[in-house]
2 protein chains.
Amino acid sequence: MSPSPNRHLIGQPVAVADFATPALLVDLPVLKANVVTMAKLAARHGRALRPHAKAHKSRLIGRMQLDAGAVGICCATVREAEVMAGAGLDGILVTAPVVTPAMVARLIAAREHVARLAVVVDGEAEIDLLAERARLAKPIDVLVDVDMGQGRTGVSKAVDAVRLAAKIAATPVLRYCGVQAYYGHLQHVPALEDRRDRVAEQWRHLEGILDALGRAGLAAEIISGGGTGTHHLDLASAPFTELQPGSYLFMDAQYAAVEVAPGGSPFHRSLSVATRVVSTTQPDRVIVDAGSKALSTDAGPALIASGAPAAAVYRFMGDEHGAVVVTEGSIRPNLGDLVTLVVPHCDPTVNLYDHFHVVEDGRLVDIWPVEARGH
Amino acid sequence: MSPSPNRHLIGQPVAVADFATPALLVDLPVLKANVVTMAKLAARHGRALRPHAKAHKSRLIGRMQLDAGAVGICCATVREAEVMAGAGLDGILVTAPVVTPAMVARLIAAREHVARLAVVVDGEAEIDLLAERARLAKPIDVLVDVDMGQGRTGVSKAVDAVRLAAKIAATPVLRYCGVQAYYGHLQHVPALEDRRDRVAEQWRHLEGILDALGRAGLAAEIISGGGTGTHHLDLASAPFTELQPGSYLFMDAQYAAVEVAPGGSPFHRSLSVATRVVSTTQPDRVIVDAGSKALSTDAGPALIASGAPAAAVYRFMGDEHGAVVVTEGSIRPNLGDLVTLVVPHCDPTVNLYDHFHVVEDGRLVDIWPVEARGH
């Protein structure tokens, strides 16, 4: 990846005229606080933490999470696993099925760098593919993926979970470790009590599966699930041994719109996009250089964090532009001024960038590559 | 950027089990045909063509367009201009204002590689910034950006266009060349006749501005506008000397939903995303590995091009997953099968990838980098 055009500005305020935009910013003290907060919450509730790298795709951030006590790192793709394992980040869990010989081969190759690597399966064919390529000296840990009501990957019925677990357990080069039980679709249920009711329904379903596994002599040692939106409920009551939240590091507009926890979210927004005013010819708005190639478009508009009046709103205006709409009589930003935006949805927004611009007290202190960006 | 994991498969069918997904595919014969079709249409109507690189961000594709007779290449950002100019692609036009000293310096540096480089302005401050840094030996061409009803960048009033043109013309290191008149917001008006009425309204507005410029001794030599959606109307009747379409190379679902030309679009879909079935546990759908990090989310769902029954539909299911929903009784794709998707919107989808996988008769024939991807 090309280096950031802002690398010569390390040490300077982000607000300097030369700072190239649009740029992904991460506030370092807030990021660190979020890392520590989740680690402490997990420890207090006796849960392990295996945060999800899909949110950050960064070796450095993964390392921060491990240093704060995480038992490993979740990866959504084999590519993410290669990147993280290649840097020696151990305890990798690949949270989606791997279904071709070539992808399994890459997984096995990534396994060479670490002490433990796990992957989920939801069918016998996937187990066969792994068995053909794994080797006894470096067994692959395998979790059965359980559908927690999302209708995406995973098995729903106890009989299928037991069948898969038994097959894994009977395969010498694989190590049956338990289940993944992820409810991504429940992370943004707006009201906490509704979210509680819906996750509790899934816990009951999961407990039936765990009982069946136990009765079959295949008790789950690892039960991996949960996310940022359900963390409060998961920590208190879910039948998980470990949690796999990702977005808590950064937060975003999508999470700002839901009740994350009683009394407010314990995780604060560390992520933003810096954009600059590039045109001031319109009467009721200024135009900035962040559009749909700088902010994900799956979760509504960006919010204004700084650089414009409180009542100003952001609107997408194409791939490379947005409007900051200002009410009549309020102070308009000037041509060239910096505006910072709360991103609509952190994970796919991070995926648009090659670099995090790390900020402390308004100053650029470092630039971290988004190593596992893209495909 | 990391090389594509598919590079060892050049020469093989894309359908081989090892082909890593999700992957951006471009059908080479169709791409070439689209390049030629637009070039011929432009020539037949006596218009120059300066296609927009924002769609492809690829030096190789830009070179194809120049070789087919384009007078230059439009770029949405200074970064795109650097990448294209750095490969000697001449006749660059930067179609958005450049508003900081650092970005102007980068533009001037890119200018060193080519014979002609132009940029648009919509304010006097931008002209001053250019004037401070351009040099007589390599003047910068400047176009006045005219707002064609979009409410984004550009001036609306003739008096402002004349004022800016006069200022440019009075600056020795700059060369006043004319205007840009882009109506991006009209490209997808569904019915051709409605689109005709709306662009005609803008043409009348533009003609007033062109008259005023002429009367002021500042006649526009270059009048640059238009896009894929309005090409038919622009070629026939717009007061443009040159067109700047981008998407015609690739086409997408968004353009499939509008009436591009009488009798259908002369440009055919060359772009698709290859995705693989990664889970088959659900009764009414299979799950594929293309989600919102593989397909832009600003223009509805992807469409199914191949690999699933005609009535199957795609639905996003997160960052790394999608569902291919199959009607009861129809044949479901198998685990590991390849499905190809028509992308919702080509420009921001291309921007998610580091490589085009170039396909001919179902075979991977080359891999081209998306050099100007990202920021």
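Everything here concerns the structure above.
Presented here is a report on the structure given in the accompanying data block.

1. Quick notes on the overall build of chain A
Part 1 of the argument: The secondary structure content of chain A amounts to ten helices and 17 strands.
Part 2 of the argument: Here chain A has a C-alpha radius of gyration of 22 Å; the compact-globule value for 375 residues is 21 Å, and the two agree.
Part 3 of the argument: For chain A, the spread of C-alpha atoms along the principal axes amounts to about 70 × 45 × 35 Å.
Part 4 of the argument: Here chain A holds 375 residues, and the buried ones make up 62% of them.
Part 5 of the argument: Here the analysis covers contacts within chain A between residues at least 6 apart in sequence; of these, 69% occur between residues at least 24 apart.
Part 6 of the argument: With the model as given, the accessible surface of chain A reaches about 12,700 Å², and the carbon-plus-sulfur share is 53%.

2. Details of the pattern of salt bridges
Part 1 of the argument: Applying the stated rule across the entire model yields 32 salt bridges over all chains.
Part 2 of the argument: With its nearest N and O atoms 2.9 Å apart, the salt bridge here joins Lys57 of chain B to Glu80 of chain B. Here Lys57 of chain B, found in the loop between strand 2 (48-49) and helix 2 (59-67), pairs with Glu80 of chain B, found in helix 3 (residues 78-86); they are 23 residues apart in sequence, far enough to count as distant.
Part 3 of the argument: Across the pair Asp141 of chain B and Arg175 of chain B runs a salt bridge, and its minimum N-O distance is 2.8 Å. Of this pair, Asp141 of chain B sits in strand 6 (residues 140-145) while Arg175 of chain B sits in strand 7 (residues 174-181), and the two are 34 residues apart along the sequence.
Part 4 of the argument: A relative accessible area of 4% places Asp141 of chain B in the buried class.
Part 5 of the argument: Classification of Arg175 of chain B by relative accessible area gives partly exposed; the value is 34%.
Part 6 of the argument: Shared partners join several salt bridges into a network, and the residues in it are Glu124, Asp128, Asp160, Arg163 and Lys167 of chain A.

3. Observations concerning empty space enclosed by the protein
Part 1 of the argument: Under the definition given, this model contains two cavities of 30 Å³ or more.
Part 2 of the argument: There is about 440 Å³ of room inside the largest cavity.
Part 3 of the argument: In terms of lining, the largest cavity is formed by 36 residues, of which the most central are Thr77 and Met103 of chain A together with Thr21, Pro22 and Asp289 of chain B.
Part 4 of the argument: Looking at the lining of the largest cavity, the elements with two or more residues in it are helix 3 (78-86) and helix 4 (101-111) of chain A together with strand 1 (23-27), strand 10 (271-279) and strand 16 (355-360) of chain B.
Part 5 of the argument: For the lining of the largest cavity, the leading source of residues is helix 4 of chain A, giving three residues.

4. Observations concerning the side chain of His56 of chain B
All names here are of chain B.
Part 1 of the argument: Mapped onto the fold, His56 is located in the loop between strand 2 and helix 2.
Part 2 of the argument: The class for His56 is buried, based on a relative accessible area of 0%.
Part 3 of the argument: For His56, the contacting residues outside a window of four places in its chain are Ile61, Gly62, Gln65, Met84, Leu249, Phe250, Val350, Phe356 and Val370.

5. A short note on the pairing of strand 17 (residues 363-369) of chain B
Residue and element names in this part refer to chain B.
Part 1 of the argument: Direction of pairing for strand 16 relative to strand 17: antiparallel, over a ladder of six bridges. Looking at the pairing, Glu360 lines up with Arg363 of strand 17.
Part 2 of the argument: Linking strand 16 back to strand 17 in an antiparallel pair, the connection comprises two residues, with Asp361 at a positive phi of about 50°.

6. Focus: the interface of chain B and chain A
Part 1 of the argument: Listed per partner, the contact involves 61 residues of chain B and 61 residues of chain A.
Part 2 of the argument: Connecting chain B to chain A are two salt bridges.
Part 3 of the argument: When the shortest N-O distance is used, the salt bridge between Asp354 of chain B and Arg373 of chain A registers 3.4 Å.
Part 4 of the argument: The tally of links between chain B and chain A comes to 23 residue pairs in polar contact (both at pLDDT 80 or more).
Part 5 of the argument: Elements with a minimum of two residues in the side of chain B that touches chain A: helix 3, helix 4 (101-111), helix 5 (124-133), strand 10, strand 11 (285-288) and helix 10 (346-350) of chain B.
Part 6 of the argument: Each residue belonging to the side of chain B that touches chain A can be placed in one class, and the counts come to 23 nonpolar, 19 polar and 19 charged.

7. Some words on helix 1 (residues 28-44) of chain B
Residue and element names in this part refer to chain B.
Part 1 of the argument: Helix length check: helix 1, at 17 residues, gives a terminal C-alpha distance of 24 Å against a target of 24 Å (1.5 Å per residue), a fit within 8%.
Part 2 of the argument: The set of residues buried in helix 1 consists of Leu28, Leu31, Asn34, Val35, Met38, Ala39, Leu41 and Ala42.
Part 3 of the argument: On its buried face, helix 1 is in contact with strand 1, strand 2, helix 2, helix 8 (231-237), strand 16 and strand 17.
Part 4 of the argument: One side-chain oxygen at the N-terminal end of helix 1 lies 3.3 Å from the backbone nitrogen of Val30; it belongs to Asp27.

8. Focus: the side chain of Gln180 of chain B
All names here are of chain B.
Part 1 of the argument: By the secondary structure assignment, Gln180 is in strand 7.
Part 2 of the argument: With relative accessibility at 3%, the residue Gln180 sits in the buried group.
Part 3 of the argument: A polar contact of 3.1 Å, which involves the side chain of Gln180, links it to the backbone oxygen of Thr95.
Part 4 of the argument: Polar side-chain contacts of Gln180 include one of 3.1 Å to the side chain of Gln244.
Part 5 of the argument: Excluding residues that lie within four positions of it along the chain, Gln180 makes contacts with Leu93, Thr95, Val120, Leu143, Val144, Asp145, Val146, Ser224 and Gln244.

9. Here we look at the packing of aromatic side chains
Part 1 of the argument: Summed over the entire model, instances satisfying the criterion amount to eight aromatic pairs over all chains.
Part 2 of the argument: Considering the side-chain rings of Tyr183 of chain A and Phe240 of chain A, the 5.8 Å spacing of their centres and the 55° angle between planes classify their relative orientation as tilted. Of the two residues, Tyr183 of chain A is situated in the loop between strand 7 (174-181) and helix 7 (192-215) and Phe240 of chain A in the loop between helix 8 (231-237) and strand 9 (242-243); the sequence distance between them amounts to 57 residues. In terms of burial, Tyr183 of chain A and Phe240 of chain A fall into one category: buried.
Part 3 of the argument: Look at Tyr314 of chain B and Phe316 of chain B: their rings are 5.3 Å apart centre to centre, the planes differ by 80°, and that puts the pair in the edge-to-face class.
Part 4 of the argument: On the basis of relative accessible area, Phe316 of chain B is assigned to the partly exposed category, the value being 24%.

10. Side note on unusual backbone geometry
Residue and element names in this part refer to chain A.
Part 1 of the argument: Here the amide bond leading from Thr21 into Pro22 is cis, since omega sits at -5°, within 30 degrees of zero.
Part 2 of the argument: The residue Pro22 is located in the segment before strand 1 (23-27) in this model.
Part 3 of the argument: In this structure, Asp361 takes a positive phi of about 50° despite not being glycine.
Part 4 of the argument: By the secondary structure assignment, Asp361 is in the loop between strand 16 (355-360) and strand 17 (363-369).

11. Examining the sheet that holds strand 5 (residues 117-121) of chain A
Adjacent strands of a sheet form backbone hydrogen bonds with each other and so pair up, either parallel or antiparallel.
Residues and elements named next belong to chain A.
Part 1 of the argument: Taken in spatial order, the eight strands make up an open sheet running 2-9-8-7-6-5-4-3, and their pairing is parallel. Of all the strands in the sheet, the pair left with one neighbour each is strand 2 (48-49) and strand 3 (73-75).
Part 2 of the argument: Strand direction decides the pairing type here: strand 5 and strand 6 (residues 140-145), joined by four bridges, are parallel. Bridge pairing in strand 6 places Ala118 opposite Asp141.
Part 3 of the argument: The sheet strands contacting helix 5 (residues 124-133) are strand 5, strand 6 and strand 7, and the helix crosses strand 5 at an angle near 150°.

12. Section: the relation of the copies chain B and chain A
Part 1 of the argument: For the pair chain B and chain A, the superposition axis carries a translation of 0.0 Å, the fit reaches an RMSD of 0.0 Å, and the rotation angle comes to 180°. In symmetry terms, the pair is related by a two-fold rotation axis. Proximity to the rotation axis, assessed at the C-alpha, singles out Met1 of chain B in chain B; its C-alpha lies 2.1 Å from the axis.
Part 2 of the argument: Take the interface residues of chain B: 100% of them recur as interface residues in chain A, which is what a same-surface contact looks like.

13. Quick notes on the sheet that holds strand 7 of chain B
All names here are of chain B.
Part 1 of the argument: Taken together, eight strands build an open sheet; the order of strands is 2-9-8-7-6-5-4-3 and the sheet is parallel. The strands lining the two open edges of the sheet, one partner per strand, are strand 2 and strand 3 (73-75).
Part 2 of the argument: Pairing of strand 7 with strand 8 (residues 222-225), which is carried by four bridges, proceeds in the parallel orientation. Its bridge partner being in strand 8, Gln180 is matched across the sheet by Ser224.
Part 3 of the argument: The strands that helix 4 touches are strand 4 (92-94), strand 5 (117-121) and strand 6; relative to strand 5, the one it contacts most, it runs at about 155°.

Reading the values: rules and limits
- What you see as residue numbers is a count from 1 along each chain, following the sequence as written.
- To label them, take the chains in the order written and letter them from A, then take the ligands in the order written and number them from 1.
- Owing to the predicted nature of the model, reporting of local features is limited to residues with pLDDT of at least 70; listing and counting of side-chain atom pairs is limited to 80 or more, with chain, interface and lining totals taken over all residues.
- The side-chain figures draw on all heavy atoms in the structure; neither hydrogens nor water molecules are used.
- Only runs of H or I of at least four residues qualify as helices and only runs of E of at least two qualify as strands under DSSP, and these elements are numbered from the N terminus.
- Here the radius of gyration uses the C-alpha set of atoms, whereas the globule reference equals 2.2 Å times the residue count to the power 0.38.
- Working definition: with a 1.4 Å probe on protein chains only, accessible area under 20% of the residue-type maximum means buried, over 50% means exposed, and in between means partly exposed.
- Any pair of residues with heavy atoms lying within 4.5 Å of one another is described as a contacting pair.
- Each accessible area is a Shrake-Rupley estimate made with a 1.4 Å probe; only the visible protein chains count as cover when residues are assessed.
- For this analysis, a salt bridge means a side-chain nitrogen from Lys or Arg found within 4 Å of a carboxyl oxygen belonging to Asp or Glu.
- Cavity and pocket criteria rest on a 1 Å grid covering protein atoms alone: a 1.4 Å probe that fits but cannot get out defines a cavity, protein on both sides within 12 Å along at least 5 of 7 lines defines an open pocket, and an atom within 4 Å of a point defines a lining residue.
- Grid points are joined across faces, edges and corners, and a volume is the space filled by probe spheres set on the points.
- Here a strand pair is declared whenever DSSP counts at least two bridges between the two strands.
- Under this definition, polar contacts are N or O atom pairs within 3.5 Å; protein pairs additionally need one hydrogen-donor-capable and one acceptor-capable atom, and for neighbouring residues in sequence, both atoms have to be side-chain atoms.
- Polarity classes work like this: nonpolar for Ala, Val, Leu, Ile, Met, Phe, Trp, Tyr, Cys and Pro, charged for Asp, Glu, Lys and Arg, and polar for all others, with Gly in that last group.
- An expected span of 1.5 Å times one less than the residue number is assigned to each helix.
- The rule is short: rings of Phe, Tyr and Trp, with Trp giving its six-membered ring, pair when the centres are within 6.5 Å, and they are stacked under 30 degrees, edge-to-face over 60, tilted in between.
- Between N-to-C directions, angles cover 0 to 180 degrees, with each direction set by a line fitted to C-alpha atoms, over the stretch in contact for helices.
- Copies overlap after least-squares fitting; the atoms used are the C-alpha atoms of residues with pLDDT of at least 70 in both.

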